[in-house]
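Overview (structure and organization)
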Amino acid sequence: MIINLPAHWQYEFEGENQEACFDPKSKSTLRFNIIEVIPPPGITEEENLKFLIADLSYATTVHGNLLAGPAYKESDDNGTMITLITWRLIKPERTMAVITYTVLSAEKDSSSENETLKLIRTSLLNARLT
């Protein structure tokens, strides 16, 4: 996956097919997980795409992929409430990137986090899934 994010963000490799990046001034983290999607036998491409989109709103990116989401989920992380914000960048030829932004729930509606979410969405709409 090729994506443009701010130059000052730091990147970390977190294991097989997963990377993370973050703004050092923030407690939030953006994670990328690239997976191969193989539809079960007898499932059409259209049915498979519908399953991958999972009833989320979606848009077509500048490179012809589908960007589904975001989906929001709150979770307790050792006594701290966090919000997981997830998008799915889908390349119809069986590749999908699951992108999850983890933010402190208390900060998720702040102006700085809203700006970061806009930046992430714009970056995903322009990303290239290879």
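All figures in this text were calculated on a predicted structure; none of them were measured in a lab.

So, how was this worked out
Residues numbered from 1 in each chain as written. Predicted model: local features only at pLDDT ≥ 70, side-chain atom pairs only at ≥ 80, totals over all residues. Heavy atoms only, no water. Pairing = 2+ DSSP bridges. Helix = DSSP H or I, 4+ residues; strand = E, 2+ residues; numbered from the N terminus. Axes fitted to C-alpha atoms, helices over the stretch in contact; angles between N-to-C directions. Contact = heavy atoms within 4.5 Å. Buried < 20%, exposed > 50% of the residue type's maximum accessible area, 1.4 Å probe, protein only.

**Looking at the sheet that holds strand β5 (residues 66-77)**
- Spatially, 7 strands are ordered β1-β2-β3-β7-β6-β5-β4 in an open sheet, and the strand pairing comes out antiparallel. This sheet does not close on itself; its edge strands, each paired only once, are β1 (10-13) and β4 (58-60). Taken pair by pair, the neighbouring strands of this sheet meet at an average axis angle of 25°, ignoring direction.
- Against the sheet, helix α1 (residues 45-53) engages β4, β5, β6 (80-91) and β7 (95-104), with an angle of about 160° to β6.
- Each of β3 (29-36), β4, β5, β6 and β7 is contacted by helix α2 (residues 111-125), which is oriented at about 175° to β7, the strand it contacts most.

**Side note on unusual backbone geometry**
- Pro 70 follows Gly 69 through a cis peptide bond whose omega is 15°.
- If you check the backbone angles, Asp 55 has positive phi at about 60° while not being a glycine.
- In this fold, Asp 55 is placed in the loop between α1 and β4.
- What makes Asp 55 exposed here is its relative accessible area of 74%.
- At Asn 78, a position not held by glycine, the phi torsion is positive, near 55°.
- Looking at the element boundaries, Asn 78 is found in the loop between β5 and β6.
- Owing to a relative accessible area of 78%, Asn 78 belongs among the exposed residues under this scheme.

Limitation: the analysis is restricted to geometry and does not speak to function.
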